[in-house]
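Next come the chains, spelled out residue by residue.
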Amino acid sequence: MATPVLHVSQLTKRFGDFTAVDGVSFEVKPGEILGLLGPNGAGKTTTIQMLLGLVTPSGGSICMFGLDLATHRETILQQVNFSSTYISMPQSLTVEENLWVVARLYGLSNIARRVHDIVKKLEMEDFRDKITRKLSSGQMTRLTLAKAFLTEPKILFLDEPTASLDPDIAHKIRALLKEERRSSGLSILYTSHNMREMEEMSDRIIFLQRGRIVAEGTAQEIAARFGKADLEEVFLKLARDSR
Ligand SMILES: Nc1ncnc2c1ncn2[C@@H]1O[C@H](COP(=O)(O)OP(=O)(O)OP(=O)(O)O)[C@@H](O)[C@H]1O
């Protein structure tokens, strides 16, 4: 069996007396798309922030590519990238300048070609010269996705990657994610509140509720386990139970 790209064991985060992530364990295999689902406040973002080394866990371990994040942070993070709405990028630079900054920070070669390719792939030609401060939220989302793809990571963490995109662009982004997974074996962990997207994209889904995993499997397996027709019905049941 393939070695997992990501192995998370008993991951826990406490903020004072409050436990936001509570003993979570899971794996992501090479080329796998894992969906992280859960109601507001379930602990999805906190989990991703720990995987990125932005938040220090209170307990448990995170291994990527067989290395422990606590001791091999720099090596691991060179092969990881992420996209989320909480990223802030230099506001006075243009879209393309921001991509050049990222490319230089990662020490990439052939920067002009890479930037050109990613701008084309994400259909950003219209606003490549626009100042970042003036971007619409959907354009900003595309810039953060471009930043994530630019470094050709082995695993991508995406926190609500299609949240502010129009249906046409969201569809193209999903197709691109699937194509990258197919062509380069990219692994993806992502969150979304769009149940149809979760069903379409995810090989497996982890359902978080109050910081704990309450269900795991394919969308069909999870729906069947709860005796529901689809993921949306399961979500409504679990979300209402947790309020
Ligand atoms: N720095 C912090 N200090 C205290 N509590 C925090 C902190 N960060 C997150 N929390 C709390 O941890 C819980 C989990 O938050 P998190 O942002 O991980 O949830 P989420 O599943 O991503 O939710 P959403 O769907 O709303 O984005 C929430 O109750 C949140 O208020």
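Residues numbered from 1 in each chain as written. Predicted model: local features only at pLDDT ≥ 70, side-chain atom pairs only at ≥ 80, totals over all residues. Heavy atoms only, no water.

### Some thoughts on the overall build of the chain
Going by this rule: Comment: elements are numbered from the N terminus, with helices defined as DSSP H or I runs of at least four residues and strands as E runs of at least two. In this setup the radius of gyration rests on C-alpha atoms only. A globule is expected at 2.2 Å times the number of residues raised to 0.38. A 1.4 Å probe rolled over the protein chains alone gives each residue an accessible area, and that area as a share of the maximum for its type sets the label: buried under 20%, exposed over 50%, partly exposed in between. In these tables, accessible area is a Shrake-Rupley quantity obtained with a 1.4 Å probe, and a residue counts as shielded only by the protein chains included in the view. A residue counts as positive if it is Lys or Arg and as negative if it is Asp or Glu; His and the chain ends are not included. A charged residue contributes its charge at one atom only: NZ of Lys, CZ of Arg, CG of Asp or CD of Glu.
Check the secondary structure of the chain and you find nine helices and ten strands. Taking 243 residues into account, the globule formula puts the C-alpha radius of gyration at 18 Å, and the chain, at 18 Å, falls close to it. Along the longest, intermediate and shortest principal axes, the C-alpha atoms of the chain span 50 × 40 × 40 Å. Residue burial in the chain is summarised as follows: out of 243 residues, 50% are buried. Summed over all atoms, the accessible surface of the chain reaches about 11600 Å², with 48% contributed by carbon and sulfur. Charged side chains in the chain number 31 positive and 30 negative. The centres of these two groups are separated by 2 Å.

### Description of the domain arrangement of the chain
For clarity, the cut-off: Marked domain ranges trace back to an automatic or database domain assignment. For this analysis, residues touch if any pair of their heavy atoms sits within 4.5 Å. Two parts placed together each lose some accessible area; with a 1.4 Å probe, that loss summed over both constitutes the buried area. Should a side-chain nitrogen of Lys or Arg be within 4 Å of a carboxyl oxygen of Asp or Glu, the pair is scored as a salt bridge. A 3.5 Å cut-off defines polar contacts: any pair of N or O atoms within that distance qualifies, except that in protein one atom must be a possible hydrogen donor and the other a possible acceptor, and neighbouring residues in sequence count only when both atoms are side-chain atoms. When residue character is reported, Ala, Val, Leu, Ile, Met, Phe, Trp, Tyr, Cys and Pro are called nonpolar, Asp, Glu, Lys and Arg charged, and the others, Gly included, polar.
By the assigned domains, the chain splits into domain 1 (1-79 + 155-163 + 185-243) and domain 2 (85-152). The C-alpha centroid of domain 2 is placed 26 Å from the C-alpha centroid of domain 1. Counting residues at the interface gives ten residues for domain 1 and seven residues for domain 2. Contact between domain 1 and domain 2 buries roughly 700 Å² in total, counting both sides, with carbon and sulfur atoms accounting for 61%. If you sort the residues of domain 1 by the area they bury against domain 2, Gln-78, Leu-156 and Pro-161 come out on top, with a joint share of 48%. Linking domain 1 with domain 2 are zero salt bridges. Where domain 1 touches domain 2, the interface holds zero residue pairs in polar contact (both at pLDDT 80 or more). Within the residue set of the side of domain 1 that touches domain 2, elements represented by two or more residues are helix H1 (44-51) and strand E7 (155-159). Here the side of domain 1 that touches domain 2 is built from residues that sort into six nonpolar, three polar and one charged.

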